[in-house]
Amino acid sequence: MSILITNIKKLVQAGNDLPEKRAGKEMSVLPSIDNAYLYIKGEKIAGFGLMKELDVLRPGLKAKGFHEIDASGKMVFPCWCDSHTHLVYPASREIEYVDKIKGLTYEEIAKRGGGILNSAQKMAEMSEDELFEASLNRLKEIACYGTGAVEIKSGYGLTTEAELKMLRVIQRLKEASPLTIRSTFLGAHAIPPEYRGRQEEYVDLVINEMIPQVAAEELADYIDVFCDRGFFTVEDTERILMAGMKYGLRPKIHANELDYSGGIQAGVKYNALSVDHLEYTGNKEIKALLGSETMPVILPGAAFFLNMPFAPARKMIDAGLPVAMASDFNPGSSPSGNMQLILSMACISYRLLPEEAVNALTLNGAYAMGVQDDLGSISVGKTANVFITKEIPTLEYFPYYYGANKVETVILKGGLL
Ligand code: NIG
Ligand code: FE
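All of these numbers come straight from a predicted model, not from anything done at the bench.

1. Quick word on the domain arrangement of the protein chain
Phase 1 of the analysis: What the domain assignment lists for the protein chain is domain 1 (2–79 + 377–416) and domain 2 (80–368).
Phase 2 of the analysis: Once you take the C-alpha centre of each, domain 1 and domain 2 turn out to be 30 Å apart.
Phase 3 of the analysis: With 33 residues of domain 1 at the contact, the number on the domain 2 side is 37 residues.
Phase 4 of the analysis: Buried area between domain 1 and domain 2, both sides added, is near 2700 Å², and the carbon and sulfur share of it is 64%.
Phase 5 of the analysis: The largest per-residue losses of area from domain 1 upon contact with domain 2 belong to K21, M27 and P399, which jointly make up 24% of the total buried on that side.
Phase 6 of the analysis: Counting across the interface, domain 1 meets domain 2 through zero salt bridges.
Phase 7 of the analysis: Summed over the shared surface of domain 1 and domain 2, the result is 13 residue pairs in polar contact (both at pLDDT 80 or more).
Phase 8 of the analysis: Taken together, the elements giving at least two residues each to the side of domain 1 that touches domain 2 come down to β5 (74–78), α16 (397–400) and β15 (407–412).
Phase 9 of the analysis: Class assignment of the residues belonging to the side of domain 1 that touches domain 2 gives a composition of 18 nonpolar, seven polar and eight charged.

2. Some thoughts on a nonpolar patch on the surface
Phase 1 of the analysis: On the surface, Y97, V98 and I101 cluster together to form a nonpolar patch covering roughly 300 Å² of accessible area.
Phase 2 of the analysis: With respect to the element layout, I101 can be found in helix α2 (residues 94–101).
Phase 3 of the analysis: Judged by relative accessible area, which is 62%, I101 ranks as exposed.

3. Considering the environment of N405
Phase 1 of the analysis: With respect to the secondary-structure elements, N405 resides in the loop between α16 and β15.
Phase 2 of the analysis: Residue N405 is classed as partly exposed on the basis of its relative accessible area of 23%.
Phase 3 of the analysis: Excluding its chain neighbours within four sequence positions, the residues that come into contact with N405 are C144, Y145, Q340 and K390.
Phase 4 of the analysis: Of the polar contacts made by the side chain of N405, one reaches the backbone nitrogen of V407; its length is 3.0 Å.

4. Digging into the site of ligand 1
Phase 1 of the analysis: In the vicinity of ligand 1, 15 residues are found, and the nearest of them are Y156, H189, E257, D328 and S333.
Phase 2 of the analysis: H86 places a polar side-chain atom, nitrogen or oxygen, 3.2 Å from an oxygen atom of ligand 1.
Phase 3 of the analysis: The contact in question runs from an oxygen atom of ligand 1 to an N or O atom on the side chain of H254, over 3.0 Å.

5. Side note on the side chain of D228
Phase 1 of the analysis: By secondary structure assignment, the location of D228 is in the loop between β9 (222–227) and α8 (234–246).
Phase 2 of the analysis: Buried charge D228 goes without a salt bridge, the closest partner of opposite sign being R229 at 6.3 Å.
Phase 3 of the analysis: At a separation of 3.2 Å, a polar atom in the side chain of D228 contacts the main-chain amide nitrogen of D259.
Phase 4 of the analysis: Residues within four places of D228 in sequence aside, it is in contact with A255, N256, E257, L258, D259 and S261.

6. A short note on unusual backbone geometry
If a residue is not glycine, its phi is most likely negative; likewise, a peptide bond is most likely trans.
Phase 1 of the analysis: Despite not being glycine, N307 has its phi angle at roughly 55°, a positive value.
Phase 2 of the analysis: Within the secondary structure, N307 is located in the loop between α11 (300–305) and α12 (313–318).
Phase 3 of the analysis: Here N307 falls in the exposed class, since its relative accessible area comes to 73%.
Phase 4 of the analysis: Positive phi values are uncommon outside glycine, yet K413 reaches one of about 45°.
Phase 5 of the analysis: Checked against the element boundaries, K413 lands in the loop between β15 and β16 (415–416).
Phase 6 of the analysis: Under the relative-accessibility criterion, K413 is labelled partly exposed at 28%.

7. A few points about the coordination of the iron ion (ligand 2)
Phase 1 of the analysis: Donor atoms from the polypeptide that bind the iron ion (ligand 2) are H84 (NE2), H86 (NE2), H254 (NE2) and D328 (OD), placed at 2.1 to 2.5 Å.
Phase 2 of the analysis: Sequence positions of the residues that donate to the iron ion (ligand 2) give the spacing H-x1-H-x167-H-x73-D. Of this pair, H84 sits in the loop between β6 (80–82) and α2 while D328 sits in the loop between β13 (324–325) and α13 (339–348), and the two are 244 residues apart along the sequence. Side by side, H84 and D328 carry an identical accessibility label, which is buried.

8. Remarks on the packing of helix α7 (residues 199–216) against α8
Phase 1 of the analysis: Between α7 and α8, the least distance of the axes is 10 Å, while the angle of their chain directions is 10°. Looking at the two axes, α7 sits roughly parallel to α8. Here α7 contributes Q199, E200, V203, D204, V206, I207 and I211 to the contact with α8, which in turn contributes D236, R239, I240, A243 and G244.
Phase 2 of the analysis: Counted by class, the contact of α7 with α8 contains six nonpolar, two polar and four charged residues.

9. Observations regarding the packing of aromatic side chains
Phase 1 of the analysis: One pass over the full model with this rule turns up 15 aromatic pairs.
Phase 2 of the analysis: For the ring pair Y89 and F329, a centre distance of 6.2 Å and an interplane angle of 75° mean the geometry is edge-to-face. Taken as a pair, Y89 in the loop between β6 and α2 and F329 in the loop between β13 and α13 lie far apart in primary sequence, 240 residues in all. Both residues of the pair, Y89 and F329, belong to the buried class.
Phase 3 of the analysis: Taken together, a centroid distance of 5.4 Å and an interplanar angle of 80° make the contact between Y260 and Y280 edge-to-face. In this pair, Y260 is assigned in the loop between β10 (250–255) and α9 (263–269) and Y280 in the loop between β11 (274–277) and α10 (283–289), connecting sequence segments 20 residues apart.
Phase 4 of the analysis: In textbook terms, an aromatic cluster arises when at least three aromatic residues are bridged by ring pairs, as seen for F77, W80, F387 and F398.
Phase 5 of the analysis: Taking NZ or CZ as reference, R138 lies 3.6 Å from the ring centre of Y89, over its face.

Rules behind the numbers
- Residues numbered from 1 in each chain as written.
- Chains lettered and ligands numbered in written order.
- Predicted model: local features only at pLDDT ≥ 70, side-chain atom pairs only at ≥ 80, totals over all residues.
- Heavy atoms only, no water.
- Domains from an automatic or database assignment.
- Contact = heavy atoms within 4.5 Å.
- Buried area = accessible area lost by both parts, 1.4 Å probe.
- Salt bridge = Lys/Arg side-chain N within 4 Å of Asp/Glu carboxyl O.
- Polar contact = N/O pair within 3.5 Å; in protein donor to acceptor, adjacent residues only side chain to side chain.
- Helix = DSSP H or I, 4+ residues; strand = E, 2+ residues; numbered from the N terminus.
- Nonpolar A, V, L, I, M, F, W, Y, C, P; charged D, E, K, R; others polar.
- Patch = residues over 30% accessible without salt bridge, like charges linked within 9 Å, V, L, I, M, F, W, Y side chains within 5 Å.
- Areas by Shrake-Rupley, 256 points an atom, 1.4 Å probe, with all protein chains shown as cover.
- Buried < 20%, exposed > 50% of the residue type's maximum accessible area, 1.4 Å probe, protein only.
- Near = heavy atom within 4 Å.
- Lys, Arg positive; Asp, Glu negative; His and termini not counted.
- Donors = N, O, S within 2.8 Å, 3.2 Å for Na, K, Ca; no water.
- Axes fitted to C-alpha atoms, helices over the stretch in contact; angles between N-to-C directions.
- Parallel < 35°, antiparallel > 145°, perpendicular 65-115°, else oblique.
- Phe/Tyr/Trp six-rings, centres within 6.5 Å; stacked < 30°, edge-to-face > 60°.
- Lys NZ or Arg CZ within 6 Å of the ring centre and 35° of its normal.

Given below as structure tokens:
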């Protein structure tokens, strides 16, 4: 099918030959076309430009046949690329949420067997089919808010069998869903209770048993470790990353959420595609990231939900770094995959300009999950993952009018949702 979208008030993040990511001052650059058209042919973006240029092209297009959408008063964006989620999970954890309201910290809850370990227990009991259905529904939900690509992690299994189950579910989602999905093996998400005091042995299990099996079944695109205080050390992390890299798994790691853990530096050292969370980022960490190929990814939902200090996004951008933002959709620290809220938080809590925030969720988000050649902008030849907004007055209105769904129509791989 071909789709022609006409009278677009603003076509956002549109251009050919765009950079693969934007950093520093460039993050406020957002190429857009007012009063535009967008032509989609099959799964791909085939053309775009000013409405007045379309008059010349129209007779040729008409002969081929297409579905026309009049977008008067509405804007068109490339779909969000959510580069960090745990959306394959067995059950919600609202009991812990109440514990948090009563004053317990994330670490205290984890020590009592709550948190990730609570999810791991439920994961063991849940069938692969149930897990698949629940996750597919969550994918449908996030697509309605404009997400077109999503990275999903394992890490609620913590046994070889349950980790493989999670990754097989992600594999099935890749086939069943129109969203573009990348999978990450996160066996080192928490230390299972039976390994308490024997952390090294659990790391051995991840290295000697889990990674080879994950690789043999080709179930993961990336490898992750929760490198932070009370979880995995820099030494554990380096051992696991080296083992994963032998099988071609590039790192994308959880770092510096709870402390200056050394995780950022470890990520850069092993050429991680991204380091994520980053609440504890100081001058040393910024210096390590500058000039690297590692994308710093900030997760506003988790910092908001856990009442943690916000990562110094403004300082990072002002120092010349790129920044991506993602939802961290998971049942414990960020039970929402709504990227429109992330966009608003980027502006309100992290002081990003609306243009910088859009870059953080599109172009830089695509880079942080390795899909920048195909997604993250409206460029000829890229996959047609775009959304049409409701009628909105300005670009700034999008993050400003927070909480409401401003997306009206979603097109994924060239098809209307
Ligand atoms: O990204 N920080 C570690 N892992 C997840 C939380 C997972 C959970 O609490 O279930 C995160 O926030
Ligand atoms: Fe996470």
